[in-house]
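# Examination of the molecular architecture
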Amino acid sequence: MSADTDIELGLLTDSAQRFLAERRDMFIQGAGAQHGRSAALWRECVELGWLLTCVPAERDGAGMGTAAAAALLEVVGASLLPLPVADGVAAATLHAALHTDAFGETDVQQWLQGEQLTGIVQGTVVRHAFTDTALRLQWREAALHVEKVNVSHAGFGVDPLVPVGRPGSVRAAAQTPCEESLWQAYAARRRALLLAEALGAALGALELAVEYARERSQFGRAIGSYQAIKHPLANHRMALDDARLALHDACAAIDVAPADTGTEARLLMAELLVQEAVHATVEGAIQTHGALGFTWECPLHFHFKRVKQIGACLRQKHDQAVILERLWHLAA
Amino acid sequence: MKIPESPEAFREYVRSWLQNHYAAFAQQWGDQADPRNLDFRRAWEDTLCAHGWAGLGWPREYGGHALDLARQAIFHEEHALCGAPLGINIIGHGILGPTLLHFGSESQKRRFIPEILANRAVWCQGYSEPGSGSDLASLRSRAERVGEEWLLNGHKVWTSFADRADWCFVLARTDNSVPVHKGLSFFLVDMRQPGVRVEPIRQLTGDAEFCEVFFEDVRIEDACLVGKPGDGWRIAMAAASFERGTYFLPRLVRFRQELAALRAEIAERAAGVAVATLGAWHRRWARLATDSHVLRLKAEQALDAAMSGAPPGPEGSTTKLLWSEAHQRLLELAIEVRGDDLLQVDGGGRQGALLQHAWLWTRAETILAGTSEIQRNIVAERMLGLPKGG
């Protein structure tokens with residue numbers, strides 16, 4: 001990465017960090033979600049240009065790589081912002097590549113322009129179901145199919161900040177020609193950015209645990225001076241760092257050759273490492289806090305639940321055993 | 001040696017040179033061409049030095065080639081790829097040489113550097129003591145000033161290749177009145193003089209590469225003190241960082257080679273094992289391939305950091321932990337896949353013996369050069385800012 005893009009990336013993540021820090025209390029205390037505030041927040045995020053991170057400069061985007069978007073999503077994850085930024089960045093990048101606005105009545109335009117906050121269908125689940133409709137993106141027969149569907153059974157999964165539901169009947173549909181490699185890039189980018197969000201949520205938990213281990217004193221010493229406490233924390237830090245390294249490597253591959261099996265392998269390895277690291281980190285962070293970690297008042301449980309929810313979302317038909325078996329075959 | 005301009009041409013040049021020379025060399029040694037054979041390793045190291053493959057990054061005025069880190073990395077990688085073993089004077093080439101070039105006096109450089117380049121002087125490192133392992137700064141070997149000389153008394157342990165070394169660099173206490181780190185000095189000690197006694201330690205592999213070294217009233221000329229009295233700790237810490245960027249490269253290449261061999265072995269034995277076992281082998285192999293991928297990315301990152309002149313950080317600890325622990329898992333799986341007869345009955349011939357040796361060696365890898373526990377302390381204290389233990 002050149003010095004210029006380093007600086008640009010620093011500006012992006014620093015400003016995102018400040019923006020989210022100022023609003024964090026609002027969306028954490030808003031567990032139970034008031035749609036009005038979330039929609040206003042979505043509009044602000046879109047106005048900051050986040051969704052255009054990977055859109056080329058000639059299409060009025062920031063023209064940065066997927067790794068830059070991953071860095072942004074890490075900041076988003078650490079703040080626990082309960083909005084579909086990962087979906088939005090991936091969809092906006094695909095939208096720009098398609099050179100079309102032919103999405104009819106499906107609200108894609110409104111969503112990407114921040115005028116409307118809409119949930120996205122992932123398999124049998126709608127995440128971020130703040131309203132009674134959601135968007136479903138699918139690819140078949142050389143075309144991108146977009147549907148606006150009703151949301152049923154709205155409520156909450158394990159994460160009390162992110163409303164979810166089930167996709168119901170189709171209200172509007174549109175399609176547009178789309179090369180398979182563009183779709184593959186979208187799917188891979190979306191997966192990578194969700195992983196980055198989980199990484200951020202876990203990193204936030206690790207920071208809380210480290211701070212607590214420095215300050216909490218027992219037997220006359222900070223508990224972080226005991227190896228039984230400090231070694232697991234060191235392990236989690238290293239696992240998160242390695243996972244990020246692999247994830248950014250996969251992001252670079254997605255930008256260059258999204259349909260390549262080498263790219264698939266690199267993303268699978270990143271997914272494996274992120275999933276391992278984030279679960280161990282949030283679980284360990286609660287343990288480090290002792291009984292305090294088991295309270296609602298301590299914000300750790302939000303990090304724990306965000307990681308568990310994204311983890312479950314990505315694991316659909318894609319668990320550790322499946323990934324490892326696929327990697328064995330890809331290495332042939 | 002003529003150094004081609006572009007990195008690609010350099011890699012090609014190194015590769016073809018090694019292919020031509022190593023194959024012929026190994027053939028001459030026949031059955032004795034074995035990584036466990038220290039004579040073989042020494043002879044190959046001599047050959048490399050005789051052809052000028054030494055001091056790659058050292059200044060030209062001291063006989064080096066002044067190659068940048070990227071080219072040094074290419075050499076180390078290609079050297080491992082051709083299957084050649086590491087030498088027995090790695091401590092001289094990798095640690096002592098750069099340390100002298102950085103901290104040594106002009107006369108020390110003129111005296112010792114050519115001997116290392118020619119591989120005439122083999123070096124060992126006298127740091128650890130029976131009472132000072134992880135807590136190195138507590139060491140008790142003493143050097144006292146007597147007239148124009150120093151008199152060294154002490155007992156070092158886990159000193160690799162001491163029985164073959166001509167020289168040893170020794171950390172010894174020269175001042176008891178100051179905090180432990182500040183009372184140490186860095187000496188160059190001739191191993192072929194009276195008062196030096198070396199006793200090999202037989203390891204669990206059956207070999208004896210480590211030794212105990214006893215110094216009894218050993219005289220050291222003042223010209224063999226590096227830096228000033230009291231500089232020892234600072235020099236030793238810097239010495240440990242000179243291999244940054246290249247130290248792990250041969251080990252990572254070896255990891256990849258062992259991984260490839262293991263894959264072939266798993267495929268070969270697939271028909272003879274239960275479906276559940278085979279699935280578990282595939283998954284464990286793929287997880288190790290992921291470790292290998294991360295190790296490569298970390299090596300690239302470390303090389304970039306070293307080349308940009310960033311100060312050494314705790315990233316060496318994180319690479320060492322990942323490599324040493326993953327390498328243990330790799331060799332455990334290799335032994336399992338090879339079949340339980342290997343350990344129980346037959347030994348598996350020469351290939352089996354080499355595998356067993358490599359497997360047993362991995363038990364040392366999480367201990368030597370800073371145990372995993374010490375590495376985790378470093379990560380926790382320097383990367384997370386957690387307090388030191390009481």
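Residues numbered from 1 in each chain as written. Chains lettered and ligands numbered in written order. Predicted model: local features only at pLDDT ≥ 70, side-chain atom pairs only at ≥ 80, totals over all residues.

What follows is about the overall build of chain B. Looking only at helices and strands, one finds 12 helices and 8 strands in chain B. Relative to the 2.2 N^0.38 estimate, which gives 21 Å for 390 residues, the radius of gyration of chain B is 22 Å and therefore close to what a compact globule would have. For the C-alpha atoms alone, the extent of chain B along its principal axes is close to 75 × 55 × 40 Å. Buried residues in chain B amount to 37% of all 390 residues. Sequence separation of 24 or more characterises 71% of the internal contacts of chain B that already satisfy a separation of 6 or more. (Helix = DSSP H or I, 4+ residues; strand = E, 2+ residues; numbered from the N terminus. Rg over C-alpha atoms; globule rule 2.2 N^0.38 Å. Buried ≥ 20, exposed ≤ 12 C-beta atoms within 10 Å, placed from the backbone. Contact = placed C-beta atoms within 7 Å.)

Moving on: the overall build of chain A. A count of helical and extended segments in chain A gives 10 helices and 7 strands. Against the 2.2 N^0.38 benchmark of 20 Å for 332 residues, chain A shows a C-alpha radius of gyration of 20 Å, consistent with a compact globule. With the principal axes as the frame, chain A shows a C-alpha extent of 65 × 50 × 40 Å. Scored against the burial criterion, the 332 residues of chain A give a buried share of 51%. Sequence-distant contacts in chain A: of pairs separated by 6 or more residues, those separated by 24 or more amount to 70%.

Right, let's get into the interface of chain B and chain A. Across the boundary between the two partners, chain B contributes 26 residues, which contact 28 residues of chain A. Counting residues per element, the side of chain B that touches chain A draws most heavily on helix α8 (residues 275–307) of chain B, which supplies 12 residues.

Bringing the nonpolar core into the picture now. Within the largest apolar cluster, 199 residues are counted, with the highest numbers of intra-cluster contacts made by Ala192(A), Leu199(A), Ala202(A), Leu247(A), Cys168(B) and Phe187(B). For this core, the element with the most residues is helix α6 (residues 180–215) of chain A, which contributes 20 residues. Beyond its immediate stretch of four places on either side in the chain, Leu247(A) contacts Ala70(A), Ala192(A), Leu195(A), Ala196(A), Leu199(A), Ala270(A) and Val274(A). (Core = buried A, V, L, I, M, F, W, Y, C linked by C-beta atoms within 7 Å.)

Here we come to the domain arrangement of chain B. Many descriptions give the size of an interface as the accessible area lost when the pieces come together. Entries for chain B in the domain assignment read domain 1 (7–87), domain 2 (123–234) and domain 3 (249–383). Spacing between the C-alpha centres of domain 1 of chain B and domain 2 of chain B amounts to 30 Å. (Domains from an automatic or database assignment.)

Residue and element names in this part refer to chain A. Strand order in the closed barrel formed by 5 strands is β1-β2-β5-β4-β3, and the pairing between neighbours is mixed. Between one strand axis and the next, the sheet turns through 45 degrees on average, direction left out of account. Where strand β1 (residues 119–122) and strand β2 (residues 125–127) come together, 3 bridges link them in antiparallel fashion. Looking at the pairing, Val121 lines up with Val126 of β2. (Pairing = 2+ DSSP bridges. Axes fitted to C-alpha atoms, helices over the stretch in contact; angles between N-to-C directions.)

On to the domain arrangement of chain A, then. All names here are of chain A. Each domain of chain A was delimited in the assignment, giving domain 1 (3–178) and domain 2 (181–330). The gap between the C-alpha centroids of domain 1 and domain 2 is 21 Å. Counting residues at the interface gives 34 residues for domain 1 and 31 residues for domain 2. Looking at the side of domain 1 that touches domain 2, the elements that each hand over two or more residues are α3 (66–79), α4 (85–98) and β2. The class makeup of the residues in the side of domain 1 that touches domain 2 is 23 nonpolar, 7 polar and 4 charged. (Nonpolar A, V, L, I, M, F, W, Y, C, P; charged D, E, K, R; others polar.)

This brings us to the pairing of strand β7 (residues 210–221) of chain B. Each regular strand shows side chains that alternate between the opposite faces of the sheet. All names here are of chain B. Direction of pairing for strand β3 (residues 149–160) relative to β7: antiparallel, over a ladder of 9 bridges. Bridged to Thr159 within β7 is Cys211. As paired elements, strand β6 (residues 196–201) and β7 share 6 bridges and run antiparallel to each other. The residue bridging Ile201 from the neighbouring strand is Phe210, located in β7.

Moving on: helix α3 (residues 69–81) of chain B. Residues and elements named next belong to chain B. Helix length check: α3 (13 residues) gives 18 Å between terminal C-alpha atoms against 18 Å at 1.5 Å per residue, within 8%. For α3, every residue scored as buried is listed here: Ala73, Ile74, Phe75, His76, Glu78, His79 and Ala80. The inward-facing, buried residues of α3 contact α1 (7–29), α7 (249–269) and α8. Directly beyond the C-terminal end of α3, a positive phi value near 90 degrees is found at Gly83. (Expected span 1.5 Å × (residues − 1).)

Residues and elements named next belong to chain B. Over its 12 residues, helix α12 (residues 372–383) runs 16 Å from end to end, which matches the ideal 16 Å to within 8%, given 1.5 Å per residue. The set of residues buried in α12 consists of Gln375, Arg376, Asn377, Val379 and Ala380. Among the residues trailing α12, Gly385 stands out with phi positive, at a value near 70 degrees.

A word on unusual backbone geometry. For His128(A), which is not glycine, the phi dihedral falls at a positive 55 degrees. Even without being a glycine, Ala66(B) presents a positive backbone phi close to 50 degrees. Of note, Ala66(B) is situated in the loop between α2 (38–50) and α3. For Ala66(B), a count of 14 C-beta atoms within 10 Å gives the class partly exposed.

Before going further, it helps to examine the packing of helix α7 (residues 227–256) of chain A against helix α8 (residues 261–288) of chain A. Residue and element names in this part refer to chain A. In contact at an axis separation of 8 Å, α7 and α8 are set at 155 degrees when each is read in the N-to-C sense. As the angle between them shows, α7 and α8 are arranged roughly antiparallel. For the crossing formed where α7 meets α8, the hand is left-handed. Classifying every residue of the contact of α7 with α8 gives 18 nonpolar, 6 polar and 4 charged. (Parallel < 35°, antiparallel > 145°, perpendicular 65-115°, else oblique. Left-handed = near helix turned anticlockwise from the far one by under 90°.)

We now examine the packing of α8(A) against α8(B). The N-to-C vectors of α8(A) and α8(B) enclose an angle of 95 degrees; their axes lie 10 Å apart at closest approach. Overall, the two elements α8(A) and α8(B) adopt an arrangement that is roughly perpendicular. Each of Met269(A), Leu272(A) and Leu273(A) in α8(A) lies in contact with α8(B), whose residues at this interface are Thr290(B), His293(B) and Val294(B). Classifying every residue of the contact of α8(A) with α8(B) by side-chain character gives 4 nonpolar, 2 polar and no charged.

Residues and elements named next belong to chain B. By the element assignment, Gln32 lies in the loop between α1 and α2. For Gln32, a count of 11 C-beta atoms within 10 Å gives the class exposed. Sequence-wise, Gln32 and Gly245 are 213 residues apart; in three dimensions their C-alpha atoms are separated by 32 Å.

On to the environment of Gly61(A). Residues and elements named next belong to chain A. Tracing the sequence through the fold places Gly61 in the loop between α2 (35–47) and α3. A sequence separation of 10 residues divides Gly61 from Leu51, and the C-alpha atoms of the two residues are 8.5 Å apart. The contacts of Gly61, once residues within four sequence positions are left out, are Leu52, Cys54, Val55, Pro56 and Ala96.

Here we come to the environment of Glu325(B). Residue and element names in this part refer to chain B. Relative to the assigned elements, Glu325 resides in helix α9 (residues 315–338). Along the chain, Glu325 and Leu151 lie 174 residues apart, while their C-alpha atoms are 41 Å from each other. Ignoring anything within four residues of it in the chain, the contact list for Glu325 reads Thr366 and Ser372.

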